[in-house]
Amino acid sequence: MAGLWPTVLTIRHPEQPDRVMRALRPRDRNEWEHLRAVNRSWLEPWEATSPEPLGQLKFRALIRHYDSEAQAGRLQPFVIEVGGRLVGQMHLSGITWGSMRSGSAGYWVSRQAAGQGIAPSCLAALVDHAFYGLGLHRVEVNIRPGNVASLRVVEKLGFRDEGVRERLLHIDGAWRDHRSFALTMEDLEGQSLVARWNAAQRRPQAEQAT
Ligand SMILES: CC(C)(COP(=O)(O)OP(=O)(O)OC[C@H]1O[C@@H](n2cnc3c(N)ncnc32)[C@H](O)[C@@H]1OP(=O)(O)O)[C@@H](O)C(=O)NCCC(=O)NCCS
């Protein structure tokens, strides 16, 4: 599968065109480094720290890393842009092919951009891309049990709870338990997750509760 898709891929959200997921570019450097710096304490409890913390890679080395991993078919790396400004990142990493065809989604948005439904709308677009663009069969999200905001993101999109995986990822200095959530192609019954999410958004609250 390696090298069969473009590394510089752009996903414009079909129903919210000001929301774009695209590759990190050299000219993003100042904006991206500023965003990371002002959000350090916001992200620290949830971001991978070892054994090779990507946060310590220099900007250009990070872009090269993303490109080569994408070319190898293991990673789909995106920054999230809203109205032309960077607000976060979303990756599909650890992509495996063969009889598994699965990838692991990870994401963050800035403290300032939180609470506007950016992560769920972009994750829905990423899942559609994974299933209907890349031909994957499964997308998982691994979340620390205390990350209430991220748990809400997968809950909103109907991910299935697959249970706890002990000491799964090295986060904030130690190996941390995570809850795994997943969707497989069958869960969408041929539908778009973006369309499903937007329909749910439009339904009155009372109806959603039933
Ligand atoms: C988790 C995260 C990506 C959610 O993104 P988002 O675009 O804010 O998602 P939503 O707008 O759907 O909000 C999700 C939940 O966050 C919480 N939330 C809302 N506004 C918030 C704010 N201003 N600050 C903190 N949390 C907020 C609410 O619990 C919300 O659920 P609700 O919509 O039922 O009220 C974001 O909080 C984040 O980047 N956190 C730090 C990094 C991280 O945890 N990454 C995920 C690792 S698995």
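Above this note sits the structure.
Residues numbered from 1 in each chain as written. Predicted model: local features only at pLDDT ≥ 70, side-chain atom pairs only at ≥ 80, totals over all residues. Heavy atoms only, no water.

> Help me understand the sheet that holds strand β5 (residues 102-109) in this model?
Think of a sheet as strands paired side by side through backbone hydrogen bonds, with each pair either parallel or antiparallel. Strand order across the open sheet formed by 8 strands is β1-β2-β3-β4-β5-β6-β8-β7, with mixed pairing between neighbours. Among the strands making up the open sheet, the edge pair consists of β1 (11-12) and β7 (160-171). With 7 bridges connecting them, strand β4 (residues 85-96) and β5 associate as antiparallel partners. Within β5, the position partnered with Leu92 by the bridge is Ala105. Most of the contacts of helix α1 (residues 29-38) go to β4, to which it runs at about 85°, and overall it touches β3 (76-82), β4 and β5. Contacts between helix α4 (residues 118-134) and the sheet are confined to β1, β2 (19-22), β3, β4, β5, β6 (138-143) and β8 (174-184), with β4 contributing the most and set at about 40° to the helix. (Pairing = 2+ DSSP bridges. Helix = DSSP H or I, 4+ residues; strand = E, 2+ residues; numbered from the N terminus. Contact = heavy atoms within 4.5 Å. Axes fitted to C-alpha atoms, helices over the stretch in contact; angles between N-to-C directions.)

> Help me out: how do you make sense of the environment of Ala124 in this one?
Relative to the helices and strands, Ala124 resides in helix α4. Separated by 33 residues in sequence, Ala124 and Leu157 place their C-alpha atoms 7.2 Å apart. Apart from the residues within four sequence positions on either side, Ala124 is in contact with Leu157, Leu193, Val194 and Trp197.

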